[in-house]
Every structure is written in structure tokens, then in C-alpha cells.
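# Tertiary structure, described
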Amino acid sequence: MSQHLWIFFSAMLVNNFTLVMFLGLCSFIGVTGKVSVAVRLGLADTFVLLITSISASILNKWVLVHAPYLRIIAFILVIASMVQITEMAVKKWSPTLFRELGIYLPLITTNCAILALAIFQTNRGYGFLEGVTFALGAGAGLIIALSLMASVRERLELADIPTVARGTALVLFVAGGLSLAFMGFSGLLTAQ
Amino acid sequence: MHDLDSLHAAPSGPSTAPPFQDFIKGVWKENPVFAQMLGMCPTMAITNSVMNALAMGLATTFVLFGSGVFVSIFRKRIASEVRITTYILIIAAFVQIADMGLEATMPVSHKALGPFIALIVANCLLLARQESFSARNTVWRSALDALGMGIGFTLGLSVVGAVREILGQGTWLGFRVMPASFEPWVIMNLPPGGFFSFGFVLLGLAWWTERRTRRATMKFPVTLATAEPLLERARG
């Protein structure tokens, strides 16, 4: 049990996918204009992470032991089809959410956080349950990072900032500040 | 948001620019790092030293070149309904080759880059180039475009890498450039340094562009003769 707790909190805080490991920055910079949309994208990401983790466990156990050189191709193919399925499911069950996420839903395919999860899981030799915990922790970390960023940016809309600094540079400075805050978690949970 | 723009704003026909233009635009005008802002994850994750930036740039250039040529060879046979999946599969095959090749030839860099070599697959730059250029142009032009974009990407990574290595370790590509009394800024080696240094590079670039356009649009040169009446009025 403590092993699972360790994996969860490590993925969520100490090794936060976005702020410490630089994964999934496209959506971190692109979709964090509004808190509500950012949180929903985080939930969709978490769902895809969960399915990817399950599929990666199955692939690792039955397929990739025989053909390790197919790893990247197999993972990306599975992720692409899983995102497609998620997209169809969201479209059927919640057309409103589908419209709000727009193009960022299919773009989850090229979100490196998803592929990185499958690769880390394989490199660290996680089993099925550990993989699920890892995916949930990483998803929670993404939601935290996305919503923190979106709340800061909502406030920044009203702030008086020189025009030359507006845009991506400003977002990167805010991200740097958040990342600095997350450095505080390093050293926590070092025992394994 | 950037990858979307470049996917949708792509020209619908083959490129009509002179071949050299196809090559050079990726290096400066449409630089993947500074102008298009594609592939930001590796730009910040592996730029803590210039060596890593160069290795990553090299691997990405190889994948860009291989998949660009491959896609443009088969561009008339790929059905448009499954084209994105086909491109991703072609890119993934070349990434696998790059991963194994780098592991065999440069094991130290391979270890330092870690999962980011495999993550070239998920770099939006690759898919954007296949969709907006290689799928519409001849093999020759696609090769030029891929090389230009690859060099531009390597250049971008090296600039950010140089800022971080000089400030974080006092060295450039392993050589000491700062005086011995210089205290390295440890923060530059840590994750926040990636965000801050790329932010500063972008800020500097934005400031420089703004200054250049302001100078270009200035109506008349400011000389003593034109400034004198204004000064007079200011003094009251």
C-alpha cells in the first residue's frame, strides 16, 4: 500500500509531469486561459492516461517481450486509437464538453505526457496496479498544474504589463515561478 | 495553439518559392523554436547543456529528414482519411531508428536525454512539417525543408542551452568561459531555469523585433534640428 501511495504522490507533486519534467507544455500554454476549460482538459487527459497505462501493461506483458524494437510504434498507435475512442465517447455523451475542448481533444495524441507515461511505466517495470496508480497520480498532477496556471493567467488579464512582455514569454515566467514552488517538494518522499 | 495555426494555415498547393528559400526559411524566418514555437517540451527539458541540445537537435533533424523524404515519396498513395496515422507511424519508425542508433554511438548523450528521444514522436513540429510541406512537395524540396527546419531547431535549442550552461555551470560546450570567481546559478540547471531562460530569450527577441519595427516606421530621422523645437516646447 505504501508503495502505491509513494507512486501516487511522487507523480503528482515531486515529479510533476508539467512543472518538473516539462511534459505536455503545448496544452499547458495553449488551453490555460480559463480555469473551467483547463480543469476539464485535465480530466480528459487523466482519462486517456488511465487507458494508456492499462494498454501499456497489456502490451508489455504479451507483445513487447517478443519484439522490444516495436515499443515506440506500438505505444503511439495505441494512444492514437485510444484518443480517437475517447473523442467519439465524449461526442456521444457530452456534446457540450466536446465543443468546449474543440481541437485540443484530438491533440491529446501529440501530448508528450501520455507517451512519456507509457515509457516511464515500462522503464520502471511497473505492473498493472502500479501503472494505474501512476496514471492517476500523473493525471492529478496535470490537473493541479493546469488549474494553477489558469487561475494566475485569469488574474494577469487585469494586470498592467508592458506589451512587449505579453504573450508566451510572460506565461513562461509564470510557469517558472510555479516550477520554483514545486521544487519545494523535492526531497519529500525520497525513500523507496 | 501554435501547432493548430501551422496545420491549418498551410498553403494548399506545392511551394513555388525558390529552392534555397525552402531551406533558409526554417533557419530564421520560420524558426521552429522562436517563430513557430513548436516542440517546446525538449526546448526546455534537455537544454541544461549545449551538448545535450546538439544531440537532441541532431536526432530531431534525422527524424525530420527521414520522415519528410519518406512521406513525400508516398504522398500520392497515402489516403487522406488515414494520413495523420500514417505520418505518425512513419515518424515513429524513424524515431525508433534514431533511438537505437544514438544508444549505440553516443551512450552518454542517450542516457542524458532519457525518454526525450522517444518523445520526438510527440513533437508537434514533425507532424506539422509532414502535413503542411512534405505531403504537397517533391522529394528534393521536402529534403531541403526538413534540413532547414532541423538546423533551425538545433540552433534554437543551442541558444537556450548556451544561456543555461553559461549561467548554470560557467562553461560552454564543456569549456570554461566565465572567470573562476563566478558563482554558478544552480537554479539554471534545475527545472525552473528552463522556463526562465526560454522566457528571457523570447522576451529579448520580442524587444528586438519591436525596436526594429519602431525604427523602420519612424517618419524622419531625429536630428538636432528636428529635436530643438520639441525640446524648446518641453522646457516651456
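Worth saying up front: this structure is predicted, and the values here are computed from it rather than measured. (Residues numbered from 1 in each chain as written. Chains lettered and ligands numbered in written order. Predicted model: local features only at pLDDT ≥ 70, side-chain atom pairs only at ≥ 80, totals over all residues.)

## Here's the deal with the overall build of chain A
Scanning chain A for helices and strands turns up eight helices and one strand. For 192 residues, the compact-globule formula gives about 16 Å, and the C-alpha radius of gyration of chain A, at 17 Å, lands near that figure. Structurally, chain A occupies a C-alpha span of about 60 × 45 × 30 Å along its principal axes. Residue burial in chain A is summarised as follows: out of 192 residues, 43% are buried. Residue pairs at least 24 apart in sequence account for 81% of intrachain contacts in chain A once pairs closer than 6 positions are excluded. (Helix = DSSP H or I, 4+ residues; strand = E, 2+ residues; numbered from the N terminus. Rg over C-alpha atoms; globule rule 2.2 N^0.38 Å. Buried ≥ 20, exposed ≤ 12 C-beta atoms within 10 Å, placed from the backbone. Contact = placed C-beta atoms within 7 Å.)

## A short note on the overall build of chain B
Each helix and strand counted, chain B has ten helices and two strands in total. Order of helices (α) and strands (β) in chain B, N terminus to C terminus: α-α-α-α-α-α-α-α-β-β-α-α. Oriented by its inertia axes, the alpha-carbon framework of chain B measures out at about 75 × 50 × 30 Å. Put simply, 77% of the contacts in chain B that link residues at least 6 apart link residues at least 24 apart.

## Brief notes about the packing of helix H3 (residues 35-62) of chain A against helix H6 (residues 112-123) of chain A
All names here are of chain A. Running from amino to carboxyl end, H3 crosses H6 at an angle of 35°, the nearest separation of the two axes being 9 Å. The two elements H3 and H6 cross, and the hand of that crossing is right-handed. Within the contact between the two elements, H3 uses Asp45, Val48, Leu49, Thr52, Ser53, Ala56 and Asn60 and H6 uses Ala113, Ile114, Leu117, Ala118, Gln121 and Thr122. (Axes fitted to C-alpha atoms, helices over the stretch in contact; angles between N-to-C directions. Left-handed = near helix turned anticlockwise from the far one by under 90°.)

## Some details on the interface of chain A and chain B
Across the contact, 33 residues belong to chain A and 35 residues belong to chain B. Those elements giving two or more residues to the side of chain A that touches chain B turn out to be helix H2 (25-30), helix H4 (71-93), H6 and helix H8 (168-183) of chain A. Of the residues forming the side of chain A that touches chain B, the biggest block, nine residues, is contributed by H8(A).

## Some remarks on the nonpolar core
Formed by 114 residues in total, the largest nonpolar core has its most connected members in A:Leu115, A:Leu117, B:Ile91, B:Val95, B:Leu119 and B:Val121. Ranked by residues supplied to this core, first place goes to helix H8 (residues 139-169) of chain B with ten residues. Here A:Leu117 is in contact with A:Leu49, A:Thr52, A:Ser53, A:Phe134, A:Ala135 and A:Ala138, once residues within four sequence places are set aside. (Core = buried A, V, L, I, M, F, W, Y, C linked by C-beta atoms within 7 Å.)

## What about the environment of B:Val27?
Residues and elements named next belong to chain B. In this fold, Val27 is placed in helix H2 (residues 19-27). Overall, the presence of 19 C-beta atoms within 10 Å leaves Val27 in the partly exposed class. Sequence-wise, Val27 and Leu230 are 203 residues apart; in three dimensions their C-alpha atoms are separated by 43 Å.

## Remarks on unusual backbone geometry
One non-glycine residue, A:Phe22, adopts positive backbone phi at about 55°. Mapping A:Phe22 onto the fold places it in the loop between helix H1 (2-14) and H2. You will see that B:Leu173, though not glycine, has its phi angle at about 55°, which is positive. Examined against the element boundaries, B:Leu173 turns out to sit in the loop between strand E1 (171-172) and strand E2 (175-176). What makes B:Leu173 partly exposed here is the crowd of 14 C-beta atoms within 10 Å.

## Topic: the packing of H1(A) against helix H7 (residues 128-156) of chain A
Residue and element names in this part refer to chain A. For the pair H1 and H7, the least separation of the axes is 7 Å and the interaxial angle reads 30°. Taken together, the axes of H1 and H7 are roughly parallel relative to one another. When the axes of H1 and H7 are compared, the crossing they make is right-handed. Taking contact as the criterion, the partners of His4, Ile7, Phe8, Phe9, Ser10, Ala11, Met12 and Leu13 in H1 are, on H7, Glu130, Thr133, Phe134, Leu136, Gly137, Ala138, Ala140 and Gly141. Grouping the amino acids of the contact of H1 with H7 by side-chain chemistry returns ten nonpolar, five polar and one charged. (Parallel < 35°, antiparallel > 145°, perpendicular 65-115°, else oblique. Nonpolar A, V, L, I, M, F, W, Y, C, P; charged D, E, K, R; others polar.)

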